[in-house]
Structures are given as C-alpha cells and as structure tokens.
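The chain contents come next:
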Amino acid sequence: MELSQTNLYTLCSIVLFAIGLLGFLLNSDFIRKLLGLNVIGIAIFMLLLAIAHTYPNAIDPVPHAMVLTGIIVAAAGTALGLNLASKIAKFARLVQKEEAATQSESVYENSSNDTQGRG
C-alpha cells in the first residue's frame, strides 16, 4: 500500500486524536485534561488540512480558513481554561487553610476543656 501525503496526514491525525482522547479520559488533573483537548484539536485541524487537498492540482481554501480560525479560538479557550484552573487552585488552597484553622481551633478548645475539668 502506497501512502500518499493525504493518507499520511489522515493516519497521523487519527493517531493524534487517539492519544489526545486517552490523555483526556485517563488523567484526573485539569491541566492534563486541557492538554489532551488541545491535542484532539490539533488532530482535527490536521484532518481538515488533509481533506482540503481534494483534487490533484487544486486546494480548497475554506478548510484552511477554518483551521486558522480554529487555532485562534483554541488559543483563547486554552487561556480561559488555564485561568479557571488557576482560580480553582487558589480557592482550593483557601479552603484548605480555613479547614486547618478550624481543626486547630477545635483541638485547642478540646485541650482547654480538658485542663479546666482537671483543675
């Protein structure tokens, strides 16, 4: 079987899509899921570019314009996702600090109650 450039791009896009899907499904970390989605997006862009070469001497410009627009949208979506991940991490640290402070106060109250009961 002879691999033409279109078939090679299609095959690579399928492999990239599978890698991105596995990365998205198997990781629990939000940033790694976001990277998996980016790899899936790159695979779709690659497939669109492979499909754009439909005729031997003609290239359809519409998929190229869609890929260029998609790259810009993907960059904006990645920035938004990273911003949300940052906000979630800050909130999680704040909640952990409040829980630690609450636990230390309850331990302090229990120890002071024990010492008052003995005296």
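All of the points below concern the structure found in this document. Just so it is clear, the structure is predicted and the values come from calculations on it, not from any experiment.

## Here we look at the overall build of the protein chain
Here comes step 1: Summing up its helical and strand segments, the protein chain has three helices and zero strands in all.
Here comes step 2: Taking all 119 residues of the protein chain together, the buried fraction comes to 15%.
Here comes step 3: Contacts spanning at least 24 positions in sequence make up 52% of the contacts within the protein chain whose residues lie at least 6 apart.
Here comes step 4: As displayed, the protein chain has an accessible area near 9,200 Å², and 68% of this comes from carbon and sulfur atoms.

## Re helix 1 (residues 5–26)
Here comes step 1: Taking 1.5 Å per residue as the helical rise, helix 1 with its 22 residues ought to reach 32 Å, and the 31 Å between its terminal C-alpha atoms agrees with that figure.
Here comes step 2: When we look at burial in helix 1, the residues that qualify are Ser-13, Gly-20 and Gly-23. One side of helix 1 holds all its buried residues, which, seen down the axis, span an arc of 90 degrees. Facing away from the buried side of helix 1 by over 90 degrees, the exposed positions are Ile-14, Leu-22, Leu-25 and Leu-26.
Here comes step 3: Tucked into the core, helix 1 has its buried residues touching helix 2 (30–52).

## Re the environment of Ile-14
Here comes step 1: Positionally, Ile-14 belongs in helix 1.
Here comes step 2: On the basis of relative accessible area, Ile-14 is assigned to the exposed category, the value being 52%.
Here comes step 3: In the structure, Ile-14 is positioned 29 residues away from Ala-43 in sequence and 6.8 Å away in space, judged by C-alpha atoms.

## Things to note about helix 2
Here comes step 1: For helix 2, which comprises 23 residues, the first-to-last C-alpha distance of 33 Å matches the rise-based estimate of 33 Å (1.5 Å per residue) to within 8%.
Here comes step 2: Regarding helix 2, the residues found buried are Leu-34, Gly-36, Ile-40, Gly-41, Ala-43, Phe-45, Met-46, Ala-50 and Ala-52.

## What to know about the packing of aromatic side chains
Here comes step 1: Scanning the model with the defined rule gives zero aromatic pairs in all.
Here comes step 2: Over the ring of Phe-24 we find Lys-33; its NZ or CZ atom is 4.7 Å from the centre of that ring.

## Here's the deal with a positive patch on the surface
Here comes step 1: Taken together, the side chains of Lys-87, Lys-90, Arg-93 and Lys-97 make up a positively charged region of the molecular surface.
Here comes step 2: Looking at the secondary structure, you find Lys-87 in helix 3 (residues 61–118).

## Let's talk about the environment of Thr-6
Here comes step 1: Note on placement: Thr-6 falls in helix 1.
Here comes step 2: Residues Thr-6 and Ile-51, 45 residues apart in the sequence, show an inter-C-alpha distance of 7.3 Å.
Here comes step 3: Leaving out residues up to four positions away in the same chain, Thr-6 has contacts with Ala-50 and His-53.

Procedures and definitions
Residues numbered from 1 in each chain as written. Predicted model: local features only at pLDDT ≥ 70, side-chain atom pairs only at ≥ 80, totals over all residues. Heavy atoms only, no water. Helix = DSSP H or I, 4+ residues; strand = E, 2+ residues; numbered from the N terminus. Buried < 20%, exposed > 50% of the residue type's maximum accessible area, 1.4 Å probe, protein only. Contact = heavy atoms within 4.5 Å. Areas by Shrake-Rupley, 256 points an atom, 1.4 Å probe, with all protein chains shown as cover. Expected span 1.5 Å × (residues − 1). Arc of directions from axis to C-beta. Phe/Tyr/Trp six-rings, centres within 6.5 Å; stacked < 30°, edge-to-face > 60°. Lys NZ or Arg CZ within 6 Å of the ring centre and 35° of its normal. Patch = residues over 30% accessible without salt bridge, like charges linked within 9 Å, V, L, I, M, F, W, Y side chains within 5 Å. Salt bridge = Lys/Arg side-chain N within 4 Å of Asp/Glu carboxyl O. Lys, Arg positive; Asp, Glu negative; His and termini not counted. Charge placed at Lys NZ, Arg CZ, Asp CG, Glu CD.

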